[in-house]
Amino acid sequence: MDDTLVAASLLLVAAAATAAALTRDPARQAVVLSLLGLALALLFTVLQAPDVALSQLAVGSAVTPLMILLTVRRVRRRRRRE
């Protein structure tokens, strides 16, 4: 059962990473990056690294995508003004 969870988590991470790489719109890319962060946090939890999972959950799933979305929003506003 343990190997099955690790394999399923790895497949989820691979699928999310592929989706993030293939997404063209930066706003959608940030959302997919957040899903990748969640998948990585799940993988780290399955691999019994809860401290790394919590760090990944905070930074990879929340802070980084939020910063990207705020940056995209600001750039789009500047383009509209010009």
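Think of each chain on its own: its residues are numbered from 1, step by step along the sequence as written. Local features in this predicted model are restricted to residues whose pLDDT is 70 or higher, and side-chain atom pairs enter the listing and the counts only when it is 80 or higher, whereas totals over whole chains, interfaces and linings include all residues. Side-chain metrics in this entry use all non-hydrogen atoms of the structure; hydrogen atoms and water are not considered.

## Considerations on helix α2 (residues 26-46)
Line of reasoning, step 1. Under the DSSP-based scheme used, a helix requires at least four consecutive residues in state H or I and a strand at least two consecutive residues in state E, with every element numbered from the N terminus. A helix is expected to reach a length of 1.5 Å times the quantity of its residues less one. Look at α2: 30 Å from first C-alpha to last across 21 residues, which is about the 30 Å you get at 1.5 Å a residue.
Line of reasoning, step 2. The rule is simple: take the accessible area with a 1.4 Å probe, protein chains only, and divide by the maximum for that residue type; under 20% is buried, over 50% is exposed, in between is partly exposed. When we look at burial in α2, the residues that qualify are Ala27, Ala30, Val32, Ser34, Leu36, Gly37, Ala39, Ala41, Leu43 and Val46.
Line of reasoning, step 3. At the C-terminal side of α2, Gln48 shows a positive phi close to 60°.

## Remarks on the nonpolar core
Line of reasoning, step 1. Each nonpolar core is a collection of buried residues, namely Ala, Val, Leu, Ile, Met, Phe, Trp, Tyr and Cys, held together in the definition by side-chain atoms within 4.5 Å. Val13, Ala16, Leu36, Ala39 and Leu43 together form the largest nonpolar core, which totals five residues.
Line of reasoning, step 2. At the level of elements, α1 (2-22) and α2 are the ones that each hand at least two residues to this core.
Line of reasoning, step 3. It is α2 that contributes the most residues to this core, three residues altogether.
Line of reasoning, step 4. Any pair of residues with heavy atoms lying within 4.5 Å of one another is described as a contacting pair. If near-sequence neighbours (up to four positions away) are discounted, Ala16 is found in contact with Val32 and Leu36.

## Notes on the side chain of Ser34
Line of reasoning, step 1. Along the chain, Ser34 turns up in helix α2.
Line of reasoning, step 2. Among all residues touching Ser34, those that are not within four sequence positions of it are Gly60, Ser61 and Pro65.

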